[in-house]
Amino acid sequence: MTWTRALLAALAVCVLVLTGTVSCGSGAPREPENPENMASPSPVGKVLDDTDEDGRHYREVDDKDAPEVDIEVQPDTDASWDVRLTVRNFRFSPAGVKPKAVEGRGLAYIFVDGTLVSRQRTLDCRIPAHLVPRGTHTVTVRLYADDGTVWVVDGDPVESAADITASGAEASTTPSALSAPGTFFRTGGRGSPDPGGKAS
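On a predicted model such as this, the values are computed, not experimentally measured, just so you know.

Bridge count for strand β6 (residues 105-112) against strand β7 (residues 115-120) is 5 bridges, and the pairing is antiparallel. Looking at β7, one finds that I110 is bridged to S118. In this structure, the hairpin formed by β6 and β7 is closed by a connection of 2 residues, where D113 is found at a positive phi of approximately 50°.

Quick look at the structure:
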């Protein structure tokens, strides 16, 4: 009689698997019920032949609802630099997302004089003093998609820059020295930095 129970149990498992009530094993994705009715994901923007300094391709998107970024830089009392970003039409991706471009999503790369110092998934960061030696430097933020492409509008990377000056006892940001604690200076937006800069 035990062989009958084993045969019935095996038959019941096969029925469950075939009807889709239980699935075991392969981990392979199932085909959609009706693929003709499924909308296929559309590509985000157009990947261009142009690249950034590290060979990452540009991804051109329309000006309408395009991501934007501004940067504010302030010296801290320990000679490090506090960086604040302001973004529009953009959200930071959490760590571990698939390397796929999603409209208005990704991360920000922070550069000092063209050298990458941080990949950011938040609006605030600190640049340690040893990365900003004495002298005038340009701090740039540029937005990237999760697949590593650079967000671009009208041929220009979505970026913003601020000039800062580090010296022995004092530090300043362009266009003029800080006159009061808590004063931030913002430059640029999308594309080229605004050479005039404006105090916020």
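This part takes up the pairing of strand β12 (residues 159-166). The buried count for β12 comes to 6 of 8 residues, which makes it a mostly enclosed element. Sheet topology places strand β9 (residues 135-144) next to β12; 8 bridges connect them, and they run antiparallel. In the strand pairing of β12, T138 is matched with D163.

The next point concerns the environment of F90. Here F90 lies in the loop between β4 (81-88) and β5 (91-92). Sequence separation of F90 and E103 is 13 residues, and the distance between their C-alpha atoms is 8.2 Å. Residue contacts for F90: discarding those within four places in its chain leaves P67, G104, R105, G106, L107, L143, Y144 and W151.

Turning our eyes to something else, we now look at the layout of surface pockets. Space inside the second largest pocket adds up to approximately 160 Å³. For the second largest pocket, the full set of lining residues is V44, G45, V61, D62, K64, D65, A66, P67, N89, E103 and G104. Of the residues assigned to the lining of the second largest pocket, the class counts are 4 nonpolar, 3 polar and 4 charged.

Position of R56 relative to the elements: it lies in the loop between β1 (46-51) and β2 (57-60). A relative accessible area of 19% means that R56 is categorised as buried. At 3.2 Å, the side chain of R56 and the side chain of D54 are in polar contact. For R56, the residues in contact, after removing those within four places along its chain, are D50, T51, Y109, R119, Y144, G148 and V150.

What the rule picks out here adds up to 3 aromatic pairs. Taking 5.4 Å as the distance between ring centres and 90° as the angle between the ring planes, the aromatic pair formed by F90 and F92 counts as edge-to-face. Summarising the burial analysis for this pair, F90 and F92 share the class buried. Aromatic side chains Y109 and F111 sit 6.4 Å apart centroid to centroid with 50° between the ring planes, which places their arrangement in the tilted category. Among the aromatic residues, those joined into a ring-pair cluster are Y109, F111 and Y144. Above the plane of the ring of Y109 lies R119, whose end atom (NZ or CZ) is 5.1 Å from the centre.

A word on the confidence of the model for the protein. With 62% of its residues at a pLDDT of 70 or more, the protein has an overall mean of 75. When the criterion is pLDDT under 50, residues 10-42 qualifies, and its contacts beyond four places in sequence or with other chains add up to 4 contacts. For residues 174-200, every residue scores under 50 in pLDDT, and the model assigns this stretch 64 contacts once sequence neighbours within four places are set aside.

This part is about the pattern of salt bridges. Counted by the stated rule, this structure contains 12 salt bridges. Ionic pairing is found between D54 and R56, a salt bridge with its closest N-O pair at 3.2 Å. Residue class for D54 comes out exposed when judged on its relative accessible area of 51%. The salt bridge involving D76 is made with R126; its shortest N-O contact spans 2.5 Å. With a gap of 50 residues between them, D76 in the loop between β3 (68-75) and β4 and R126 in strand β8 (residues 124-127) connect regions that are remote in the sequence. Judged by its relative accessible area of 21%, D76 falls in the partly exposed class. Classification of R126 as partly exposed rests on a relative accessible area of 46%. Residues participating in the shared-partner salt-bridge network are D76, D78, D82 and R126.

What counts and how
Residues numbered from 1 in each chain as written. Predicted model: local features only at pLDDT ≥ 70, side-chain atom pairs only at ≥ 80, totals over all residues. Heavy atoms only, no water. Pairing = 2+ DSSP bridges. Helix = DSSP H or I, 4+ residues; strand = E, 2+ residues; numbered from the N terminus. Buried < 20%, exposed > 50% of the residue type's maximum accessible area, 1.4 Å probe, protein only. Contact = heavy atoms within 4.5 Å. 1 Å grid on protein atoms, 1.4 Å probe; cavity = no way out; pocket = protein on both sides within 12 Å on 5 of 7 lines; lining within 4 Å. Points joined across faces, edges and corners; volume = space filled by probe spheres on them. Nonpolar A, V, L, I, M, F, W, Y, C, P; charged D, E, K, R; others polar. Polar contact = N/O pair within 3.5 Å; in protein donor to acceptor, adjacent residues only side chain to side chain. Phe/Tyr/Trp six-rings, centres within 6.5 Å; stacked < 30°, edge-to-face > 60°. Lys NZ or Arg CZ within 6 Å of the ring centre and 35° of its normal. pLDDT = per-residue confidence, 0-100. Salt bridge = Lys/Arg side-chain N within 4 Å of Asp/Glu carboxyl O.

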